[in-house]
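# Observations on the three-dimensional arrangement
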Amino acid sequence: MSVLEITDLRVSYGTAVAVDGLSVTVARGEIVALVGESGSGKSTVALAALGLLPRSAHVDGTITVAGKNVREATGEELRQLRGRDAGMVFQEPMTALNPLHTIEFQVAEAIRNHDPEPRRHKHYRDRCVQLLERVGVPDASKRLKQYPHQLSGGLRQRALIAIAIAAGPGLILADEPTTSLDVTVQQQILDLLRDIRDTEGTGTLLITHNLGVVADIADRVLVLRNGKVVEEADTDALFANPRHAYTRQLLAAVPRLGDTPHDEEPERDRTVLALRDITVEYHGRKVVDGVSLSVGPGEFVGLVGESGSGKTTLAQCALGLVTPRGGTVDVFGGKLTHKARRRLGVVFQDPASSLDPTKTVEQTIAEPMVIHTRTSRAERRRRVRELMDAVELPQALLDRRGHELSGGQRQRVGLARAVVLGPDLLIADEPTSALDVSVQAAVLDVLERLHQEFGFGCLFISHDLAVVDRVCSRVAVLRGGQLVEQGPCATVLHTPEHPYTRALLLASPVPDPAAQRDRRRLATA
Amino acid sequence: MTRFLARRLLLALIVVFLVTVVTFVILHLLPGGPARGVLGVKATQAQIDAFNRAEGFDQSIPLQYWDYLVRLVHGDLGTSYTLNTDVSTLLGERLPKTLLLTATSTLLGILVALPLGVWQAVRRGRASDVVTTGLAFVLYATPVFFLSLVLIILFAQVLPIFPAQAAQGDDIASLLSQPASLVLPVLAGTGVTAVAYSRYMRSSTVDNLAEDYVRTARAKGTPERTILWRHVWPNSLTSVVSMIGYSVPVVFSGSLVVESMFNYPGVGLLFWTAARNADFPVLLGVVLVIAVTTVLGSLLADVVQLLIDPRVRVPGVKS
């Protein structure tokens, strides 16, 4: 019996169509993945299933949850269906929980909402403890009294899953449940979702952009593009033999370890960046602890680690934005003076907030020239246009502002700005993390081409080991502010020495169901 | 929490001290000084010199300030030049009346504004919201003196229901014995605060209704009423509460105008007269009172914030 049945769903906002004729069923005990890039309409489907779309949405088609017609349900019927017949897990566990209420209140409320005789929240305490223990929250009774901000991201997501299953629904709608989590935590959450399916027989509609996650956990996959399903298949079949061109394109865009051959690295006697024994403290807590790292001319060095490992702090030391408590920062063999900054470019993670919203693309790219050089206006115009070509942006965008561009376009502008003075060193902090895979692939291509043209050395920060393997020749692994391992990618990412590097590698899901099953066996062994 | 309060109190003391320094210096830098204003245009230079010597104006400003501070610490705010009364006695008579006026109108303002803001936010974009928003902006754009005039014309002249002037008398009992005379000044004061607070409450509620946690609450089957009052309401209050706490100076300056419009015998009217007569001791006294209430207002807001928001109260997870 299916717990979710959607037929010919069409959702539009005014003239913009978000979902276009989508049909999907989820049976008990089945995990169905809805995969697509941003704007493909995948979240809209989950919200529509619970009648949670805003009033401005125009909805057509039929949606049946646990045999009940969602679109014809009254307000009270909908309320009863939400949580009892289908629970929902969201992407951002921090904002998805109310910051002013305890975990107990929020879990108890999920039970209480479906109790025919609702009692006071504390009446449900024992059940709350059971639920938190079920989703693997340690010290569950202690956690009940805590507020969301006192929990780590992984624990918050577990609490949200506890809320989703509190009223024993037959269906879980999970909208990017692991996207904001570190890979090792992601693996634990996926294990939990799998375990809930295995023991409670819950059906799951998993919405994700991550093909590795799909390969890891899904039974069946629907590939979405611009609101339309372009391909539907069993997971093994889809990865083994993708029929639609878009599916193939998506799969090809996912960087994989070992795709890029690494040449023997020459010994370098000069450096463009040398960090020696760097230590940084915030309020007496060491966030970077004795890290030494160098980047040679023209060399790409990857810096990987999970959140809180000190990657960004280290980059800020290199940029002179953070003064380390101990150790030395050498840029181009000396201190980071105003003159040296001219040879230093930087790209940030979030392209939306790292562009000045009041400046046009042309002004943004030209700004370093205005600050550091005495080039004429005509010369600047020429140079900006050259760079627009180099990052493959049409000249028509020159007068646009940041909010008028897509994420990929913004990051290209960021890249153009970073290299406009022909830097010798580029600091790139998660430059593609906020982008879709196909956009990421294109931006990485641009970065490689710029590298060939300008020959800069680069400190490339990322949490994605496959991306680092693709663009870097050397890699350093950070954990809790300490360097656990560094060396050529060919060694560190393929025959790692340190157990943490091995754990990281095993935790990053690969877009290949068979390989993923083997890795799981290895990880649990 | 005790440490937090102790630190805030210390900070409050420093702020009040700095306010006295700044007002004292600015007042005493005024050319001519208060002598001419107090003694009149016909005063001879000898009389002026005598006045300045008696009041210590012939000394350096730091020395004068030191004298002022020593007297202040002993509870002596000086004597009014024009009214020949202790400033502390004057403030003792006037302050309760002003507090009655500002507290009542602020409280009424909050009582009207918060529910109104929530109501507008829930009905956002519908006719009822558009109409009340339009009216709110008209009221927002109306200066207090004009609003007072309109109230006087409407309710004291066209429909003579309430008196146009507040009851006169030395103590607060005289005001309370004629409550009808309080209605118009309080209404004018309420108009000042209610509109501003309701706008803040509306936008804060609108923002919170769009938050992820509201979606979570809905997705687990929480009734809309519960979502609004147990989830959205406290979250919306967190930002509005501090805004209300910090609005004490605005309320006071509103009251200055209201008091002079309705001849309400409060601190505002006292300040008004003192400012025209260069009555330094009174001016300093009133500014001190306003500084203390402002600091207390923001302190109170911080405490309320502390009580509703666990993120301020309980340290978070170390990432």
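Residues numbered from 1 in each chain as written. Chains lettered and ligands numbered in written order. Predicted model: local features only at pLDDT ≥ 70, side-chain atom pairs only at ≥ 80, totals over all residues.

By the naming in an unreviewed UniProt entry, chain B is Peptide/nickel transport system permease protein, taken from Kutzneria buriramensis. Quoted straight from UniProt, the Sequence similarities (unreviewed entry) entry for chain B says "Belongs to the binding-protein-dependent transport system permease family." The UniProt entry for chain B carries the following text under Subcellular location (unreviewed entry): "Cell membrane". (UniProt positions renumbered as here; feature names shortened; annotations may be inferred.)

By the naming in an unreviewed UniProt entry, chain A goes by Peptide/nickel transport system ATP-binding protein and is assigned to Kutzneria buriramensis. Quoted verbatim from the Subcellular location (unreviewed entry) heading of the UniProt record, the comment on chain A is "Cell membrane".

Here the focus is the UniProt feature "domain: ABC transporter" (unreviewed entry) in chain A. The feature "domain: ABC transporter" (unreviewed entry), as annotated in UniProt, sits at residues 4-251 and 273-505 of chain A in this numbering. Taken end to end, residues 4-251 of chain A comprises 38% helix and 26% strand; its first and last C-alpha atoms sit 27 Å apart. (Helix = DSSP H or I, 4+ residues; strand = E, 2+ residues; numbered from the N terminus.)

Right, let's talk about the packing of helix α13 (residues 267-276) of chain B against helix α14 (residues 280-308) of chain B for a bit. All names here are of chain B. At a closest axis distance of 9 Å, the pairing of α13 and α14 adopts a crossing angle of 145 degrees. Classified by chirality, the crossing of α14 by α13 is left-handed. The residues of α14 that touch α13, namely those facing Val-267, Leu-270, Phe-271, Ala-274 and Ala-275, are Val-282, Leu-283, Val-286 and Val-289. Its residues assigned to classes, the contact of α13 with α14 shows nine nonpolar, no polar and no charged. (Axes fitted to C-alpha atoms, helices over the stretch in contact; angles between N-to-C directions. Left-handed = near helix turned anticlockwise from the far one by under 90°. Contact = placed C-beta atoms within 7 Å. Nonpolar A, V, L, I, M, F, W, Y, C, P; charged D, E, K, R; others polar.)

So, about unusual backbone geometry. Most peptide bonds take the trans form, and the phi angle of most residues other than glycine is negative. We note that Asn-226 of chain A has phi near 45 degrees; this positive angle belongs to a residue other than glycine. If you trace the backbone, Asn-226 of chain A turns up in the loop between β9 (220-225) and β10 (228-234). When the 15 C-beta atoms within 10 Å are taken as the criterion, Asn-226 of chain A is described as partly exposed. Of note in this structure, Asn-263 of chain B is not a glycine but carries a positive phi near 50 degrees. Here Asn-263 of chain B lies in the loop between α12 (248-261) and α13. (Buried ≥ 20, exposed ≤ 12 C-beta atoms within 10 Å, placed from the backbone.)

Another aspect to go through is the pairing of strand β3 (residues 31-35) of chain A. Residue and element names in this part refer to chain A. With five of its five residues buried, β3 lies for the most part within the structure. Every second residue of β3 is oriented toward a common face, with Ile-31, Ala-33 and Val-35 on one face and Val-32 and Leu-34 on the other, all of them buried. Both β3 and strand β8 (residues 203-208) contribute to a ladder of five bridges, which runs parallel. Within β8, the residue paired with Ile-31 across the bridge is Thr-204. Summarising the sheet, β3 and β9 pair through four bridges and their orientation is parallel. Following the sheet pairing, Leu-34 is matched in β9 by Leu-222. (Pairing = 2+ DSSP bridges.)

Once that is clear, we can look at the interface of chain B and chain A. With 22 residues of chain B at the interface, the matching set in chain A holds 28 residues. Only α10 (212-219), α11 (224-246) and α15 (310-313) of chain B provide two or more residues apiece to the side of chain B that touches chain A. Here the side of chain B that touches chain A takes six residues from α10 of chain B, the largest share from any one element. Residue classes in the side of chain B that touches chain A are distributed as eight nonpolar, seven polar and seven charged.

On to the nonpolar core, then. All names here are of chain A. Core analysis: the largest hydrophobic core is formed by 87 residues, its most contacted members being Ala-49, Val-107, Ala-159 and Leu-173. With seven residues, helix α6 (residues 153-165) is the single largest residue contributor to this core. Inspection of this core shows a minimum of three residues originating in each of domain 1 (1-85 + 169-253 + 510-525) and domain 2 (96-168). Leave out the neighbours within four places in its chain, and Leu-173 touches Ala-46, Ala-49, Leu-50, Ala-86, Met-88 and Leu-205. In this structure, Val-361, Ala-416, Leu-426 and Ile-461 belong to the second largest nonpolar core, which totals 68 residues. (Core = buried A, V, L, I, M, F, W, Y, C linked by C-beta atoms within 7 Å. Domains from an automatic or database assignment.)

Looking now at the domain arrangement of chain A. All names here are of chain A. Taken domain by domain, chain A comprises domain 1 (1-85 + 169-253 + 510-525), domain 2 (96-168) and domain 3 (273-495). Between the C-alpha centres of domain 1 and domain 3 the distance comes to 35 Å. Of the residues lining the interface, eight residues belong to domain 1; the matching set on domain 3 comes to six residues. Ranked by the residues each element gives to the side of domain 1 that touches domain 3, the list is headed by helix α10 (residues 245-253), at three residues. Each residue belonging to the side of domain 1 that touches domain 3 can be placed in one class, and the counts come to two nonpolar, four polar and two charged.

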